[in-house]
There are 2 protein chains.
Amino acid sequence: MRISELAEATGVSIATLKYYLREGLLHAGEARGATRADYDASHLERVRLVRTLIDVGRLSIDRVREVVTALDHPPEGRHQLLGTAHDVLRQTGAPPPSEAVTAHLAALGLPDCVDSPASTQLAQALSAAEEAGWPLTDATLMSWYAAMTRVADADVAPELAAMSPGDALRHAIVGNVLTDPVVIALRRVAQESLSAQRFDPTSERLRS
Amino acid sequence: MRISELAEATGVSIATLKYYLREGLLHAGEARGATRADYDASHLERVRLVRTLIDVGRLSIDRVREVVTALDHPPEGRHQLLGTAHDVLRQTGAPPPSEAVTAHLAALGLPDCVDSPASTQLAQALSAAEEAGWPLTDATLMSWYAAMTRVADADVAPELAAMSPGDALRHAIVGNVLTDPVVIALRRVAQESLSAQRFDPTSERLRS
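Analysis parameters
- The numbers attached to residues start from 1 for each chain and follow its sequence in the written order.
- Following the order in which they are written, the chains are lettered starting with A and the ligands numbered starting with 1.
- Totals for whole chains, interfaces and linings use every residue, but because this is a predicted model, local features are given only for residues with pLDDT of at least 70 and side-chain atom pairs only at 80 or more, for both listing and counting.
- Excluded from the side-chain calculations are hydrogens and water; all other atoms, namely the structure's heavy atoms, are used.
- Side-chain atoms within 4.5 Å link the members of a nonpolar core, which is a set of buried Ala, Val, Leu, Ile, Met, Phe, Trp, Tyr and Cys residues.
- For each residue, the accessible area found with a 1.4 Å probe, counting protein chains only, is set against the maximum for its type, and the residue is called buried under 20%, exposed over 50%, and partly exposed in between.
- Per the convention used, a helix needs a DSSP run of H or I reaching at least four residues, while a strand needs a run of E reaching at least two, with both numbered from the N terminus.
- The criterion used for residue contact is that any of the two residues' heavy atoms lie within 4.5 Å.
- The fit set for superposing copies consists of C-alpha atoms from residues with pLDDT of at least 70 in both; the fit itself is least squares.
- Annotation comment: domain bounds sourced from an automatic or database domain assignment.
- A carboxyl oxygen of Asp or Glu within 4 Å of a side-chain nitrogen of Lys or Arg is what we treat as a salt bridge.
- Pairs of N or O atoms are called polar contacts if they sit within 3.5 Å, as long as, within protein, a hydrogen donor faces a hydrogen acceptor (for residues adjacent in sequence, only side-chain-to-side-chain pairs).
- Gly counts as polar in this scheme, as do all residues outside two lists: the nonpolar Ala, Val, Leu, Ile, Met, Phe, Trp, Tyr, Cys and Pro, and the charged Asp, Glu, Lys and Arg.
- Residue count minus one, scaled by 1.5 Å, sets the expected span of a helix.
- Centre distance within 6.5 Å is the pairing criterion for rings of Phe, Tyr and Trp, where only the six-membered ring of Trp is used; planes under 30 degrees apart are then read as stacked, over 60 as edge-to-face, and the remainder as tilted.
- Look at NZ for Lys and CZ for Arg. If either is within 6 Å of the ring centre and within 35 degrees of the ring normal, a charge sits over the ring.
- For every element, the axis is a line fit to its C-alpha atoms; helices are fit only across the contacting stretch, and the angle between N-to-C directions ranges from 0 to 180 degrees.
- Note on angle classes: values under 35 degrees are labelled roughly parallel, values over 145 roughly antiparallel, values of 65 to 115 roughly perpendicular, and the remainder oblique.
- When two parts are put together, the accessible area they lose, computed with a 1.4 Å probe and summed over both, is reported as buried area.

Caption draft 1: Representation of the nonpolar core within the structure. Grouped together as the largest cluster of nonpolar side chains are 46 residues, with contacts concentrated most on A:Leu122 and B:Leu122. For this core, the elements supplying multiple residues, two or more each, are helix H6 (99–108), helix H7 (117–131), helix H8 (138–155) and helix H9 (165–199) of chain A together with helix H6 (99–108), helix H7 (117–131), helix H8 (138–155) and helix H9 (165–199) of chain B. With sequence-adjacent residues up to four places away left out, A:Leu122 is seen in contact with A:Leu105, A:Leu110, B:Val182, B:Ala185, B:Leu186 and B:Val189.

Caption draft 2: Main features of the relation of the copies chain B and chain A. Mapping chain B onto chain A calls for a rotation angle of 180° and an axial translation of 0.0 Å; the resulting RMSD is 0.0 Å. Here the two chains are linked by the operation of a two-fold rotation axis. Residues of chain B ranked by C-alpha distance from the rotation axis are headed by B:Ala147, positioned 2.4 Å from it.

Caption draft 3: Region of interest: the domain arrangement of chain A. Residues and elements named next belong to chain A. Partitioning chain A into structural domains gives domain 1 (1–73) and domain 2 (77–208). Relative to domain 2, the C-alpha centre of domain 1 lies at a distance of 30 Å. With twelve residues of domain 1 in contact, the opposing surface of domain 2 contributes 15 residues. Applying the counting criterion to the domain 1 and domain 2 interface returns two salt bridges. Two residues, Glu66 and Arg90, come together in a salt bridge whose shortest N-O distance is 2.9 Å. Counting across the domain 1 and domain 2 interface gives four residue pairs in polar contact (both at pLDDT 80 or more). Elements with a minimum of two residues in the side of domain 1 that touches domain 2: helix H3 (41–55) and helix H4 (61–72). No other element matches the five residues that H4 contributes to the side of domain 1 that touches domain 2. Its residues placed into classes, the side of domain 1 that touches domain 2 shows seven nonpolar, two polar and three charged.

Caption draft 4: Region of the structure containing H7(B). Its 15 residues give H7(B) an end-to-end C-alpha distance of 21 Å, which sits within 8% of 21 Å, the value for a rise of 1.5 Å per residue. Listed as buried for H7(B) are B:Ala118, B:Ser119, B:Gln121, B:Leu122, B:Ala123, B:Gln124, B:Ala125, B:Leu126, B:Ser127 and B:Ala129. Residues of H7(B) that are buried in the fold lie against H9 of chain A together with helix H5 (78–88), H6 and H8 of chain B. Just past H7(B), the residue B:Gly133 takes up positive phi, approximately 80°.

Caption draft 5: Summary view of the packing of aromatic side chains. All names here are of chain A. Inspection of the entire model under this criterion finds two aromatic pairs over all chains. Taking 6.1 Å as the distance between ring centres and 50° as the angle between the ring planes, the aromatic pair formed by Tyr19 and Tyr20 counts as tilted. Judged by relative accessible area, which is 28%, Tyr19 ranks as partly exposed. The exposure class of Tyr20 is buried, given its relative accessible area of 2%. In this structure, Arg187 is placed above the aromatic ring of Trp144, and the distance from its NZ or CZ to the ring centre is 5.1 Å.

Caption draft 6: Broad picture of the packing of H8(A) against H8(B). In contact at an axis separation of 9 Å, H8(A) and H8(B) are set at 170° when each is read in the N-to-C sense. With respect to their mutual orientation, H8(A) and H8(B) come out roughly antiparallel. Contacts between H8(A) and H8(B) involve A:Thr140, A:Ser143, A:Trp144, A:Ala146, A:Ala147, A:Met148, A:Arg150, A:Val151, A:Ala154 and A:Asp155 on the former and, on the latter, B:Thr140, B:Ser143, B:Trp144, B:Ala146, B:Ala147, B:Met148, B:Arg150, B:Val151, B:Ala154 and B:Asp155. Class assignment for the residues of the contact of H8(A) with H8(B) results in twelve nonpolar, four polar and four charged.

Caption draft 7: Representation of the interface of chain B and chain A. In this complex, chain B contributes 77 residues to the contact, which on the side of chain A involves 77 residues. Both sides together, the interface formed by chain B and chain A hides about 7600 Å², and carbon and sulfur atoms give 67% of it. The partner of B:Asp153 in a salt bridge is A:Arg198, with the nearest N and O atoms 2.4 Å apart. At the junction of chain B with chain A, the criterion picks out 26 residue pairs in polar contact (both at pLDDT 80 or more). Looking at the side of chain B that touches chain A, the elements with two or more residues in it are H5, H7, H8 and H9 of chain B. Residues that form the side of chain B that touches chain A fall into these classes: 43 nonpolar, 21 polar and 13 charged.

Caption draft 8: Molecular detail of the pattern of salt bridges. By the definition in use, this model includes 28 salt bridges over all chains. When the shortest N-O distance is used, the salt bridge between A:Glu45 and A:Arg170 registers 3.2 Å. One end of the pair, A:Glu45, is in helix H3; the other, A:Arg170, is in helix H9, and 125 residues separate them in sequence. Residue classification places A:Arg170 among the partly exposed positions, given a relative accessible area of 25%. We note a salt bridge from A:Arg188 to B:Asp180, for which the minimum N-O separation is 2.7 Å. On the criterion of chain membership, the pair formed by A:Arg188 in helix H9 and B:Asp180 in helix H9 is interchain, its members lying in two chains. This pair shows no difference in class: A:Arg188 is buried, exactly as B:Asp180 is. Ionic contacts of the salt-bridge type, sharing partners, join the residues A:Arg63, A:Glu66, A:Asp87 and A:Arg90 into one network.

Below, the structure is given as structure tokens:
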């Protein structure tokens, strides 16, 4: 298809598509003369991915480029795929975690997969909370870890093993980007429900 | 204290503090003449709150202003406090949820606290995931809701009932901002751990 048809199919303007091409977010189409190129399903899929990462994931253009590069050159080893997915989705601008926090996490028995992006991200998040004076107890942290293990049960589905490295990496990245907001929203709904139960049990606000 | 001492105590530059004053994020100090004002512990606390909202919560200046306004005028009713906290932390630029998704959530039996910000946020997040073609089953959604109810158990602590409306509102806002990243990071760590167990059980990468 021509770039105008790609624009129509994706809902993204031609100017923006050309920007994606210039920035290396979208791979070039098949050249058909000096001024025309043909685009196909792979370009459709790529534009949709980029929109998801920007609109839902709120990733910067530089971070989107990292994702695209990783997807174009996925690591061979399956155990590296998830680390790559976690790395491209890391928190922006988070300061390095304190040694005290890192040691504390190890002492708690939380899995520390040898300096994985995931454990680094956890140490950073905890350091930030601690620095701001938020009282997060070990009991709460381990309870939350048990809860998030239940969430991850659906993330690490058996069918991942059968996917190609590129597909599995894309699945891990897109899955986290699209469902992190669902998980957080569920937290808010649960807070609302528990708050009504504990502080306002006679309220007519609750339907269930 | 003078503004220079406030800057030193908070690690925020005088220029930035003056910007916060102009933007209404920081309340004025006590005037002590034409060019001097005195600041106190309330200003210290406010600057730290603003930095947390910006640095960790990545809130926009406009959204920080909403938080500050809400904290300066907290709602009287306790059941409104959490709704206010959820509202100021809503997703930026999310499109309105589809009616189909809203109806579907109601049919699943998820609490719908009469158009609360929380249930709206959930419907929006699900609409976005659906629109991007992510296959999230009802079973997974309800399993995740159970998990997040466990997380929220620590959020809706009994001591909230004894706090003043302003303190309870601040607790709800800051708690979510500081610990959303912890919850998401725990999800990543759990994914890493489950992935190793299911796809790479002989790996030496795991310490526990």
